[in-house]
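Fold and contact review
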Amino acid sequence: MLTDFLADLAARDLVQQVSAPSVADLLSRAPAVAYTGFDPTADSLHVGSLVPLVNLARFQRAGHRPIALMGGGTGLIGDPSGRETERTLLTREQVEANVAGIRRQVERFLDLSPGGALLLNNAEWLCELNLLEFLRDIGKHFSVNQMIVRDSVRIRLETRDHGLSYTEFSYMLLQSYDFLALHDRYGCRLQMGGSDQWGNMLSGADLIRRLRNVEAYALTLPLVTRSDGKKFGKSEEGNVWLDATRTSPYQFYQFWLNTDDADVVRYLKMFTFLPLDAIRDAEQQVRTDAAGRAAQRLLAEEVTRLVHGPEALARAQRATAALFSKDADYRQLSAQELQEAFHGAPATTLPAAALGTPAASVLALVVEAGLYPSKGRARQDVPAGGIAVNNVAVTSPDYVLSAGDLLPGGFVILRKGKKHYHVVRVTGA
């Protein structure tokens, strides 16, 4: 059963540009096929990629057939869009490894059963192209005059220090050919993506019209921004990734939990499948009880469950409850929960044989960890409770770690002040 995909996108403020109004007819008559491409510059997508990824899932839920296209071929070239300098070219092996990593993430969002969504790699056809035939059959339909006014090209041409190589200049042709190949093989007539891809998408639609005499369409989604002007998808540790080994589910949950009040309703529309009525209720809670942060908890729960699953969400919630309670007891957490909660924190190892010796004194460890420049400086903070072991303030400057200090998994968590953590992993315990 088809639902009104475009109306839902519009209600969620997710339509940036549409190449022609008649795309509504395409989507209302029968199940349509649309694709979105994913650039394999890393072996994981980041949270900025969630908008097009969730959009593909939304498209399938509306009764249509989505295609997630891995850029195994175009990834060997590099997309110049949004770049001030040329990308470092990846090897074929790097691109293949990145595609494999991204593929595992995309599979969580789409129903890939027979007749359902497709997960494809453009290396299948791009790596088989004959250069002369490509230039004769495809290149002749592209005007250099039009290509150089595209933002992705114009901005680089105006920057004398960097310029634009022919390699990157050709990216537009390859992406356009992708659209043509997917039209010929699967009847795809709609490409969806970020607004930075608008020019490339229009070129692909135009190529299909010229060569197949068929109307094809482009639909762009808004790029995600933050109301405070800071870049979306960044945390203190750097990019927020979908890969749990890069950004732990706990850190991922915390990222969404810390969303600003000015952004949370917009993000609920973008990143979740919640009905609009439920989002309006959350919006009302932001107005009447912003301090309760119910909307942020809802956002964090929905997106963490979507990306990492219910078990990872439960661990993240459990760790959050334990770590942020007034008298947080780290012993309530499992080894996995501790590892996820402090993933990315500086860490050192300590042999179990050193427990109870001067090497395991708290003053020695905080200096080794770089939390303090000297034992004397650290000793000054002890009376004020400035140093904590497993969230318990150290009361004696001569405190030495013992086996009784070990948390599940052999962890000991040192803290300076309120925010500076260091993980000591005791080995051989």
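**Details of the overall build of the protein chain**
In terms of regular secondary structure, the protein chain is built from 19 helices and 13 strands. Along the longest, intermediate and shortest principal axes, the C-alpha atoms of the protein chain span 80 × 50 × 40 Å. Taking contacts inside the protein chain between residues at least 6 apart in sequence as the whole, the part at least 24 apart equals 73%. Accessible surface computed for the protein chain: about 20,600 Å², of which carbon and sulfur atoms make up 49%.

**Here's the deal with the sheet that holds strand β6 (residues 217-221)**
Pairing is mixed across the open sheet formed by 6 strands, whose spatial order is β1-β6-β5-β2-β3-β4. The sheet is open, and its two edges are formed by β1 (17-18) and β4 (118-121), each paired on a single side. Bridge analysis of strand β2 (residues 33-38) against strand β3 (residues 65-70) gives 6 bridges, and the strand direction is parallel. Bridge pairing in β3 links F38 to M70. The strands touched by helix α3 (residues 50-61) are β2, β3, β5 (190-194) and β6; relative to β2, the strand with the most contacts, the crossing angle is about 160 degrees.

**Some details on the packing of aromatic side chains**
Taken as a whole and judged by the stated rule, the model has 14 aromatic pairs. On the numbers, 5.7 Å between centres and 75 degrees between planes, the contact of F134 with Y177 is edge-to-face. Taken together, the residues span a long stretch of sequence, with F134 in helix α6 (residues 131-137) and Y177 in helix α10 (residues 171-186) at a distance of 43 residues. The exposure class of F134 is buried, given its relative accessible area of 10%.

**Side note on the packing of helix α13 (residues 261-271) against helix α15 (residues 294-308)**
The interhelical angle for the contact between α13 and α15, taken along N-to-C directions, is 35 degrees, at an axis separation of 10 Å. In terms of crossing hand, the pair formed by α13 and α15 is left-handed. Counted together, D261, V264, Y267, L268 and F271 of α13 and A295, Q296, L298, L299, V303 and L306 of α15 form the full contact between these two elements. Of the residues that constitute the contact of α13 with α15, the class distribution is 9 nonpolar, 1 polar and 1 charged.

**Looking at the nonpolar core**
Within the largest apolar cluster, 63 residues are counted, with the highest numbers of intra-cluster contacts made by V47, L50, V106, L190, F252, W256 and F271. For this core, the leading source of residues is α3, giving 7 residues. Counting residues in each nonpolar core, the second largest holds 30 residues, with F134, I138, V153 and F179 among its members.

**Description of the state of the cysteines**
Going through the model one piece at a time under the given rule, you end up with 0 disulfides. Unpaired in terms of disulfides, C127 finds its nearest cysteine sulfur in C188, a separation of 20 Å. A relative accessible area of 33% places C127 in the partly exposed class.

**Things to note about helix α14 (residues 276-288)**
Taking 1.5 Å of rise per residue, 13 residues should cover 18 Å, and α14 covers 18 Å from first to last C-alpha, within 8% of that figure. Among the residues of α14, I279, A282 and V286 are the ones counted as buried. Along the axis of α14, the buried positions cluster into a sector of 55 degrees, meaning they face one direction only. Exposed positions of α14 whose direction lies more than 90 degrees from the buried face are D277, D281, R287 and T288. On its buried face, α14 is in contact with α13 and α15.

Conventions and cut-offs
Residues numbered from 1 in each chain as written. Predicted model: local features only at pLDDT ≥ 70, side-chain atom pairs only at ≥ 80, totals over all residues. Heavy atoms only, no water. Helix = DSSP H or I, 4+ residues; strand = E, 2+ residues; numbered from the N terminus. Contact = heavy atoms within 4.5 Å. Areas by Shrake-Rupley, 256 points an atom, 1.4 Å probe, with all protein chains shown as cover. Pairing = 2+ DSSP bridges. Axes fitted to C-alpha atoms, helices over the stretch in contact; angles between N-to-C directions. Phe/Tyr/Trp six-rings, centres within 6.5 Å; stacked < 30°, edge-to-face > 60°. Buried < 20%, exposed > 50% of the residue type's maximum accessible area, 1.4 Å probe, protein only. Left-handed = near helix turned anticlockwise from the far one by under 90°. Nonpolar A, V, L, I, M, F, W, Y, C, P; charged D, E, K, R; others polar. Core = buried A, V, L, I, M, F, W, Y, C linked by side-chain atoms within 4.5 Å. Disulfide = S-S within 2.5 Å. Expected span 1.5 Å × (residues − 1). Arc of directions from axis to C-beta.

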